[in-house]
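Reading the structure
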Protein chains: 2
Amino acid sequence: MAKKLARKKSSAKSGSRKTTAGRSTAKAAAARRRAARKTAAGKPAGSKPAARKVSARRPAARRAGARKTGRGGRKYVYFFGRGKADGDRTMKDLLGGKGANLAEMSRAGLPVPAGFTISTEACTVYYKEGRTIPPAIDREMVENLRKLEAAAGATLGDPSNPLLVSVRSGAKFSMPGMMDTILNLGMNDQTVEGMKARTNNGRFAYDSYRRFIQMFGAVVLEIPKEAFEHEFERIKEERGAHLDTDLGEKALKEVVARFKEVARERSGRDFPQDPLEQLRGARDAVFRSWNNARAIEYRRIYEIPDAIGTAVNVQMMVFGNTGERSATGVGFTRNPATGANEFYGEFLVNAQGEDVVAGIRTPQPIVELGKVLPEAYEQLREITSRLEKTYRDIQDFEFTIQDEQLYMLQTRNGKRTGYAAVVIATDLVEEKLITPKEAVLQVDPESISQLLAPGFEPKAWKALPVATKGLPASPGAASGQAVFTADDAVEWTRQGKQVILVRKETVPDDFHGMFVAQGILTATGGMTSHAAVVGRQMGKPSIVGAGSLEISERSRSFSVGGQTIKEGEYVSFDGLTGEVKIGQVPSRPSEILQVISGEMQPEDSDIYQRFHRLLSWADGFRRLGIRANADQPDQAETAYAFGARGIGLCRTEHMFFGEGRIPIVQRMILADNEADRRRALDELLPMQREDFYGVFKAMHGEPVTIRTIDPPLHEFLPKREDLMVDIARLEAQGKKSKELDEKHTLLRRVEQLHEFNPMLGHRGVRLGITYPEITEMQTRAIMEAACQLAREGTHVIPEIMIPLVGHVKELRDQKAVVDRVAAEVIKEQGVAVTYLVGTMIEVPRGAITADEIAQEAEFFSFGTNDLTQLTFGFSRDDIGKFLGAYQDRKILDKDPFATIDTVGVGQLVRIGVQKGRSTRPKLKVGICGEHGGDPSSVHFFEQVGLDYVSASPYRIPVARLAAAQAALQVKVGD
Amino acid sequence: MAKKLARKKSSAKSGSRKTTAGRSTAKAAAARRRAARKTAAGKPAGSKPAARKVSARRPAARRAGARKTGRGGRKYVYFFGRGKADGDRTMKDLLGGKGANLAEMSRAGLPVPAGFTISTEACTVYYKEGRTIPPAIDREMVENLRKLEAAAGATLGDPSNPLLVSVRSGAKFSMPGMMDTILNLGMNDQTVEGMKARTNNGRFAYDSYRRFIQMFGAVVLEIPKEAFEHEFERIKEERGAHLDTDLGEKALKEVVARFKEVARERSGRDFPQDPLEQLRGARDAVFRSWNNARAIEYRRIYEIPDAIGTAVNVQMMVFGNTGERSATGVGFTRNPATGANEFYGEFLVNAQGEDVVAGIRTPQPIVELGKVLPEAYEQLREITSRLEKTYRDIQDFEFTIQDEQLYMLQTRNGKRTGYAAVVIATDLVEEKLITPKEAVLQVDPESISQLLAPGFEPKAWKALPVATKGLPASPGAASGQAVFTADDAVEWTRQGKQVILVRKETVPDDFHGMFVAQGILTATGGMTSHAAVVGRQMGKPSIVGAGSLEISERSRSFSVGGQTIKEGEYVSFDGLTGEVKIGQVPSRPSEILQVISGEMQPEDSDIYQRFHRLLSWADGFRRLGIRANADQPDQAETAYAFGARGIGLCRTEHMFFGEGRIPIVQRMILADNEADRRRALDELLPMQREDFYGVFKAMHGEPVTIRTIDPPLHEFLPKREDLMVDIARLEAQGKKSKELDEKHTLLRRVEQLHEFNPMLGHRGVRLGITYPEITEMQTRAIMEAACQLAREGTHVIPEIMIPLVGHVKELRDQKAVVDRVAAEVIKEQGVAVTYLVGTMIEVPRGAITADEIAQEAEFFSFGTNDLTQLTFGFSRDDIGKFLGAYQDRKILDKDPFATIDTVGVGQLVRIGVQKGRSTRPKLKVGICGEHGGDPSSVHFFEQVGLDYVSASPYRIPVARLAAAQAALQVKVGD
């Protein structure tokens, strides 16, 4: 094991990482927030929702009893073993996820090594008491230790029959690899001999001892691992050993001696021989590790509250490394990458658990276990099947076989890719293990966006030879420039490059680089190695264990098949097949997108059908309408195919950037009189009409909200500073020219339009008020298109939306223009078209005076992007300068532009809805900011009773699923 | 009379004018707003406040009775005359100011020509009915006309004894010259002969007739005045006449014939001979004139609601132009410019009232009337004295003497300069006519800022010869470049020049030019001419009737004493003495400022003593504390002398711009590591400490609120585009140089700091969070200064204010820094200093989450400038691009940066106060935006229960007076 201690990254990097991480697990984050509220509300964790959930599953009496020690004090230590347990799986707040599951498995009669859990409350006490554990809790621990000794039939420190234990952290939420673990605790100079005598395996005994010293030294004594590794390598060298296993008992004895010497030198005292002292040290180190930099960083990214603390699990050691009849492994009850219903996992014979996860030896597929240890394998299959039925979800388990005896070390609901999530949820419904409603609640809405990620362009992909093949750890097509460190990945990405992070193995420290990379490629490790687990969790294409890669981090290159690939060269791989190729490959739409676009028939795509089935179930549960933010007909078509029923935001100015249009737009802006401006607008009219016609048509009569021009006009002109530089250059060259004159003229107009704060400037409704002819042209284009469609039999109801309204009179002014022109068009065309006039609520004054604005507005759409900018006073374009510091200092838990700030911005939304409906009870209210596609924001919008959310086309499936979950979980007006 | 019809100005100009106009009459505006609410609440005007006021003065029964006609319908026409009246002075809503006063004067037995008032409700009906008057109201008018004929003993249209009437507008608020007036109505081909017979004065009769045709033609028939003037000049030419009075009866007969021809040609029909038709036409024209461009513009500037409408006053004509025993005049019971208790005004013998106001003939001082018509003069003195006692305020009256018989035409409270207001209010208290409380309520807070306006540097002023002398219409020293049209005045001012508007006479059309000019200088007109009235009202230095000026608008020059002054040359004048000089004269502080600064002793300045007395009374009535926005010790001293008791905003970054400091500040910003940054900060520390020491000292132990650094750092560096241009130029010259390298380096850093929306960028608390060392330095400087003072015996309580806080955690972060450093300093210095940590509430989220923020904040100060920017989404720097259009289209009544938007921004202030105090009941709350010195905003702050307002030093007196009025007029929590 060569994990490096995590170092804290610079704030800027952390900041950028945070944002999307927050998104990718937003559903989970929401759950955590709810949990955090519960926890924060005060322990004992008997707060309402928790209590409700618990009481449904076990009698209240038992629960209450479990919270007290015999002597009537608060209970901090929970025993499990021999078919019983003080705790159960509902007690994750108190026992952490691992502790609760161990208790539950023990209750269920599974072969779980006995042990006890020191609760998260003890962690809170530990920090409250200035990082010490009070004697009462310590006593409780020792009492439980005695119970464990009885159960195990062995005694801690007894040389003749020594009990060894593992000490592991276990918080409510899984934080893989983030906190510390110590194995083989109880080893000392006496017990090692006892072990040797009992197992008749001196090599095993001393190997266990040296591992213990190394772990304890690193974790408890805080000695750099390298100090031990250095000694170990030295002895190997001295002995001419290549592999660790080349060292025999004698050599390992020397290793132990040297390790103890290292510990003494570095810690200033002898390595502790008293097992109870060891246990106390390990316990405190685990509590301490809750606040190591790595763990803090992880919690920040995954929005896990700091206050919840970790539990400590002390468990009888079982050994997968006592010989060839022993093994250790991890697995899933289904394939966590594809969702296929297959027993899935890997194991190593004669190894300890950490060896599998660390990815140092490449393990065997789990089905092979049936050949090696068939009885244990059968028992494992039986037990894990049972676990899946109990938990009604895919299980992620760890086991050890010690001398043919199977022990279950852990089980939990398995993390999975979005692809697998959809497959598993639909399968579980088919298998009648869960209901459609449960299926809808089971899938993280954010994760299904992975299903829309592009694959490779097949021809280009086929054209390249396969350079090597690794384990397909996380599906998806990835192509980018090779980089070899996480820091480089971040730096190159910052420069706008797409990178593949190529590593021998990844460690928690690499998290930030993995996060920004297109894909992760490692040379070692299995399907459950760090790279694989984290890659899947992120929905990031990953291939691990591509053993033929020879990676040199120092020279920033790798070799494969005689070819050397340097930093910056392109690498591509397919995370579903494990194939790696050298070169850049264009991508192509995902299978679902191919169906959506009609390139593939739905019946030819299994995943599309499942996706569709799941979302159809979701549609049955949701209350919120789903619309799309789409500006062009093709976007509207995609959105419709994804299930959007209406457009919530069609930005008309995006059309101005269309081919051949910008010169006309510029002519319109540069006109110094209304007549010239109108002439240019007349040229734009047929183009806009055509755009609207296309968008309306693509929506098949569903409502389409069209926003009149929003950005300041200078956005359509050359940049002021560019003109200034051009002029300076031309003038310095001393030449007078027509070009110079023209630039001067243009600069004068640009100067007139220049703004110090464009966000707060002459834009939105303010443009319509100063240039009503623009509103007129746009209204005319909208209404003419609608009339044309009406004549063709499609009756669309355009919703004309005036942006940036803060005062009812602004809207009144523009509504008068719209109504006048609409009446003209209807009269000219002789077709009846119904339309609505409404506004975006995006300046705080709009929300605050929504009662007045609703006198005129027939609908509201919350523009939460601008509302967030103005409510915080944060420029979205400039926030990068301080957001990192804000997140480092825990001032903001999350980027308010990604997830709505319910306390501040959300309060304005709430006020706006209430006031608006106080004037106009049937007021249609939606949201069209980026938050419309963010699951936890959707929960909030459900709560405040919006009518619909509008999201970008590719976020529509996420929004549909999130809306269904929201409807099932929250009550409007909560 | 040669008034031009007002033309509407371009929106940009109107916009810029509006702003300050809104300010200068903010108190009056507040009164109007209250009135508007009353009116808008629905007529009959029996809304609460009005009713309360009325019932105190007259029995309710009479009031109720007055509202019905005999036949039980609504009453629209109110008669007055012969010592009686249907209305009274409390009925301004219904009868307009003029109508109500005529009724009151009539009731009081004053010699008022009889007449009737058609109410403002009829105006509302007129517009509601599509610009027609329904028959019922018309009948009511005719009935009253009959009553008037009876009272006058003459009959409209009776050739043998014709009644002539005037028809005038009269809204609730005086709008001088804005709407139309018609005199001599009833004249036709028959009655002119009757007039001639009765007066034995054919010239007078035909002159009256031609005046009537001209006015009726212009106002009712809408024929350009020039058409008539052209004919008139032609006849004068034909007859070799120089003056109007050179024309005899025969010539005037011809004028009448030609005028009737003009009317026929232009209107397409004969000039109406039926007097009743004339009356109806005139009545409707007055109603119509309520919505002429000039009137709309005026209402916009003075914030008079559009909905209130105008009344029409029809009154028996009396003639000041029947011969040498007749006269007409206007006057004030006291001097409206200086406030001196002297009978004041002017008159013309043998003239009509319009001749005086129009400023065509220069009238005689009113005291001369005693020599010309002693009996009428004595009666006038007696009556006006009585009026002043009745109204308990200076009266502005109009009178006419017809054949030695005095008629009072109008009386109203006189407009006055700020100087006069203070003198009059203090005198009236001395005379026991009013109480100090009434004195405080009588003075417009805005107007007293005129007393602080600078005068001339005496030596420089004396050094120049007097070029001419005019009438001192409005006091104050003015110096600037001569311009000759209002449009030029606006244009030159826009270019940053200071101008004196030089005009033969001013007309309402010149309003926008008068508004921007430093002073107004006219060649004709008296103390009550348009220029004089408007100049005083604006507090603008003005001299009128400087008859020796020969002004040529065409050649843009004027001559005086043989010297020709061209456009752009400097002119200076003293509005208090009437002296005009050619050349530029530096100004010097006003007398009050001289006392404040110690150059003059209080006992030597009468005006200072009065000013001080008035404000001391005000202090006795106010609840709000008054603080100053002051950054430097000298500002703090001035503020203290003006009565500020504490500093509400000390902007620390202003100190950064001090001499020799900016290079250090730049070094601090350009530092690429914390150590270098700290080194630069260490250099700034002693400077800041010194600044704070000075400010604290100047405040004599009153609280001082110091804001930590607020602006984005790039504000201290060269401009990005300037650097880009420099580099482009250097590069184009092809030379490599050290300068170029340095500029490149600087540009790189500037680019890093560049922001798209600096207002929403990396500033305020965000700087403190990213660079805590700046907060540390500033805290240290503050605390060290406070410790030093404490040792010297002055115990100051610094209030350290963190700007731009939107989230409680931002404040918590910075408060921790402040507390840590403060504790260090206190320990080092061994002196106990109490300090508070608070925040500005200036981002909407701060207001919305004020309950959370108050957990940390020990005080709040509303930064209403930024709060207005963010609540509206208006950049203060960019609003000019559309504010004009907004005001033209009545979307915004007033500039929200000048007067707080109570509906939107004010609502956030209210929420912030309530939420803040819900957490911390004793929370100290103030306001430090520009609104702190705006009287109507101060009313609002009183209402929401702030503890203090903070204003710029020169606005302190305004704020003190406004706060007293607010306390007397509003109840906290209203």
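Summary of the structure given here.

The rules behind these values
- Going along each chain's sequence as written, the residues are numbered from 1 onward.
- Chains carry letters from A onward and ligands carry numbers from 1 onward, assigned in written order.
- Local features in a predicted model are, by the rule used here, given only for residues with pLDDT of at least 70; side-chain atom pairs are given and counted only at 80 or more, and totals for whole chains, interfaces and linings are based on all residues.
- In computing side-chain values, all of the structure's heavy atoms are included and hydrogens and water are not.
- Numbering of helices and strands runs from the N terminus; a helix is a DSSP stretch of H or I covering at least four residues, while a strand is a stretch of E covering at least two.
- Atoms considered for the radius of gyration are the C-alpha atoms alone. The globule rule reads 2.2 Å times the number of residues to the power 0.38.
- The classification of residues rests on relative accessible area computed with a 1.4 Å probe and restricted to protein chains. Under 20% of the type maximum is buried, over 50% is exposed, and intermediate values are partly exposed.
- We call two residues contacting when some pair of their heavy atoms lies within 4.5 Å.
- Only the protein chains shown count as covering a residue, and every accessible area follows the Shrake-Rupley method with a 1.4 Å probe.
- The positive count covers Lys and Arg only, the negative count covers Asp and Glu only, and His and the chain ends enter neither.
- We put the charge of a Lys on NZ, of an Arg on CZ, of an Asp on CG and of a Glu on CD.
- We call two strands paired when DSSP finds no fewer than two bridges between them.
- For helices, the fitted axis covers only the stretch in contact; all axes are lines through C-alpha atoms, and the angles between them, taken along N-to-C directions, range from 0 to 180 degrees.
- Superposition of the copies was done by least squares, using only C-alpha atoms of residues whose pLDDT is at least 70 in both.
- We call Phe, Tyr and Trp rings a pair once their centres come within 6.5 Å, taking the six-membered ring for Trp, and we label the pair stacked below 30 degrees between planes, edge-to-face above 60, and tilted otherwise.
- Charge over a ring is defined by NZ of Lys or CZ of Arg lying within 6 Å of the ring centre and within 35 degrees of the ring normal.
- Reported orientations rely on four angle classes, namely roughly parallel under 35 degrees, roughly antiparallel over 145, roughly perpendicular from 65 to 115, and oblique for the rest.
- When the near helix sits turned anticlockwise from the far one by under a right angle, the crossing is termed left-handed; a clockwise turn instead gives a right-handed crossing.
- In this classification, Asp, Glu, Lys and Arg are treated as charged, Ala, Val, Leu, Ile, Met, Phe, Trp, Tyr, Cys and Pro as nonpolar, and every other residue, Gly included, as polar.
- Working note: the arc is built from the helix axis to C-beta atom directions.
- A pair is scored as a salt bridge if a Lys or Arg side-chain nitrogen falls within 4 Å of a carboxyl oxygen belonging to Asp or Glu.
- Here a polar contact means two N or O atoms within 3.5 Å. Within protein one must be a hydrogen donor candidate and the other an acceptor candidate, and residues neighboring in sequence count only if both atoms are side-chain atoms.
- Buried area adds together the accessible area that both of two parts lose upon being put together, with accessible area traced by a 1.4 Å probe.
- Note on terminology: pairs of cysteine sulfur atoms within 2.5 Å are recorded as disulfides.
- Each helix should span, by expectation, one fewer than its residue count multiplied by 1.5 Å.

This paragraph deals with the overall build of chain A. Helix and strand content of chain A: 40 helices and 32 strands. Against the 2.2 N^0.38 benchmark of 30 Å for 974 residues, chain A shows a C-alpha radius of gyration of 32 Å, consistent with a compact globule. Over its C-alpha atoms, taken along the principal directions, chain A stretches across nearly 105 × 70 × 55 Å. Residues counted as buried form 60% of the 974 residues belonging to chain A. Long-range pairs, those at least 24 residues apart, make up 69% of the contacts in chain A between residues at least 6 apart in sequence. Accessible surface, chain A as shown: approximately 36,400 Å² in total, 49% of it carbon and sulfur. Seen as two clouds, the 138 positive and the 126 negative side-chain charges of chain A have centres 5 Å apart.

Residues and elements named next belong to chain A. Mapped onto the elements, Ile133 comes out in the loop between α6 (120-128) and α7 (135-152). What makes Ile133 buried here is its relative accessible area of 12%. Expressed as a C-alpha distance, the spacing of Ile133 and Asp284, which sit 151 residues apart in the sequence, is 7.8 Å. Sequence-distant contacts of Ile133, that is, excluding residues within four places in its chain, are made with Ala122, Tyr126, Asp138, Arg283, Asp284 and Phe287.

Note on sheets: strands pair through backbone hydrogen bonds, and any given pair is parallel or antiparallel. Residue and element names in this part refer to chain A. Across the sheet, eight strands lie side by side as β13-β23-β22-β15-β16-β17-β18-β14; this open sheet has mixed pairing. For this open sheet the edge positions go to β13 (466-469) and β14 (471-474), each flanked by a neighbour on one side alone. The average undirected angle you get between the axes of adjacent strands in this sheet is 30°. The sheet contact formed by strand β22 (residues 570-574) and strand β23 (residues 579-582) spans four bridges and is antiparallel.

So, on to the sheet that holds strand β11 (residues 364-365) of chain B. All names here are of chain B. Ordered in space as β11-β10-β9-β12-β13, the five strands form an open sheet in which the pairing is antiparallel. Looking along the sheet, the strands with just one partner apiece sit at the ends: β11 and β13 (405-413). As defined by bridge partners, strand β9 (residues 327-332) adjoins strand β12 (residues 395-402) across six bridges and the pair is classed as antiparallel. Each bridged residue has a counterpart across the sheet, and for Thr328 the counterpart in β12 is Thr400. Contacts from helix α16 (residues 374-391) reach β12 and β13 within the one sheet, and its direction differs from that of β13 by about 25°.

Our focus in this paragraph is the relation of the copies chain B and chain A. Between chain B and chain A, the superposition needs a rotation of 179° and an axial shift of 0.0 Å, giving an RMSD of 0.2 Å. Taken together, the turn and the small shift mark the pair as related by a two-fold rotation axis. By residue overlap, the copies meet face to face through one surface: 100% of the interface positions of chain B are interface positions in chain A.

Applying the stated criterion across every chain yields a total of 46 aromatic pairs over all chains. Judged by centre distance (6.5 Å) and plane angle (45°), the rings of Tyr608(B) and Phe611(B) are tilted. Separated by three residues within a single helix, Tyr608(B) and Phe611(B) lie in helix α24 (residues 606-621), roughly one turn from each other. Taken individually, Tyr608(B) and Phe611(B) each receive the classification buried, so the pair is uniform in this respect. Within the aromatic cluster, the residues linked to one another by ring pairs are Phe343(A), Tyr377(A), Phe397(A) and Phe399(A). For Arg627(A), the ring lying beneath its charged end belongs to Tyr948(A), and the centroid distance is 4.0 Å.

Once that is clear, we can look at the packing of helix α27 (residues 662-670) of chain B against helix α28 (residues 674-698) of chain B. Residue and element names in this part refer to chain B. Interhelical geometry of α27 versus α28 gives an angle of 150° and a closest axis separation of 8 Å. Taken together, the axis directions place α27 and α28 in an arrangement best described as roughly antiparallel. Classified by chirality, the crossing of α28 by α27 is left-handed. Here Ile664, Val665, Arg667 and Met668 of α27 lie close against α28, whose contacting residues are Arg677, Ala680, Leu681, Glu683, Leu684 and Met687. Split by residue class, the contact of α27 with α28 holds seven nonpolar, no polar and three charged.

A word on helix α8 (residues 191-199) of chain A. All names here are of chain A. Within α8, burial applies to Thr191, Val192, Gly194 and Met195. What you see down the axis of α8 is that its buried residues fit within an arc of 155°, all on one side. The elements touched by buried residues of α8 are α9 (202-219). Looking one or two residues past α8, Asn200 carries a phi angle of roughly 55°, positive in sign.

Glancing now at the pattern of salt bridges. Under the defined criterion, the tally for this structure stands at 146 salt bridges over all chains. Across the salt bridge formed by Arg288(B) and Glu222(B), the nearest N and O atoms sit 3.2 Å from each other. Placement of Arg288(B) in helix α12 (residues 275-289) and of Glu222(B) in the loop between α9 (202-219) and α10 (225-239) is noted, with a sequence separation of 66 residues between them. The class for Arg288(B) is partly exposed, based on a relative accessible area of 23%. Among the ionic contacts, a cluster of salt bridges with common partners joins Glu674(A), Arg678(A), Arg689(A), Glu776(A), Arg780(A), Glu784(A), Arg820(A), Glu824(A) and Glu828(A).

For the rest of this paragraph, the subject is the side chain of Asn629(B). Residue and element names in this part refer to chain B. Mapped onto the elements, Asn629 comes out in strand β27 (residues 625-629). Within the local environment of Asn629, its side chain forms a polar contact with the side chain of Ser950, the two groups lying 2.5 Å apart. Beyond its immediate stretch of four places on either side in the chain, Asn629 contacts Gln635, Gly648, Leu649, Arg651, Cys928, Gly929, Ser950, Ala951, Ser952 and Pro953.

Attention shifts here to the interface of chain B and chain A. Each partner contributes to the interface: chain B provides 57 residues, whereas chain A provides 57 residues. For the pair chain B and chain A, the two sides together bury roughly 5,200 Å², of which 59% comes from carbon and sulfur. Between chain B and chain A we count eight salt bridges in total. The partner of Arg845(B) in a salt bridge is Asp901(A), and the shortest N-O contact between them spans 2.7 Å. Here chain B is connected to chain A by 32 residue pairs in polar contact (both at pLDDT 80 or more). Elements represented by at least two residues in the side of chain B that touches chain A include exactly α29 (720-732), α30 (738-753), α31 (765-770), α33 (808-829), α34 (844-848), α36 (864-872), α37 (880-888) and α38 (905-919) of chain B. The element best represented in the side of chain B that touches chain A is α29(B), accounting for seven residues. Counted by class, the side of chain B that touches chain A contains 25 nonpolar, 14 polar and 18 charged residues.

Moving on: the side chain of Glu398(B). Mapped onto the secondary structure, Glu398(B) falls in strand β12. Here Glu398(B) is buried and forms no salt bridge, its nearest opposite-charge partner Arg412(B) lying at an N-O distance of 4.4 Å.

All names here are of chain A. Within the chain, Arg131 stands out as a residue other than glycine whose phi angle is a positive 65°. Looking at where Arg131 falls in the secondary structure, it is placed in the loop between α6 and α7. Here the phi dihedral of Lys890 falls at roughly 60°; this positive angle occurs in a residue that is not glycine. Here Lys890 is to be found in the loop between α37 (880-888) and α38 (905-919). The exposure class of Lys890 is partly exposed, given its relative accessible area of 25%.

Here the structure, examined in full by the defined rule, presents zero disulfides over all chains. For the unlinked cysteine Cys650(A), the closest cysteine sulfur is that of Cys928(A), found at 11 Å.

A separate point is the pairing of strand β28 (residues 647-651) of chain B. Working note: regular strand, side chains alternate between the two faces of the sheet. Residues and elements named next belong to chain B. Extensive coverage of β28 is indicated by the burial of five of its five residues. Bridging between β28 and strand β29 (residues 704-707) involves three bridges; their strand directions are parallel. Counterpart to Cys650 in the pairing with β29 is Ile706.

This brings us to α10(B). Residue and element names in this part refer to chain B. The terminal C-alpha atoms of α10 lie 21 Å apart, and with 15 residues this matches the ideal 21 Å at 1.5 Å per residue to within 8%. Turning to α10, its buried residues are Ala227, Phe228, Glu231, Phe232, Ile235 and Lys236. In this structure, the buried residues of α10 make contact with α9 and α11 (249-267). Where α10 terminates, the next one or two residues include Gly240, which has phi positive at roughly 65°.

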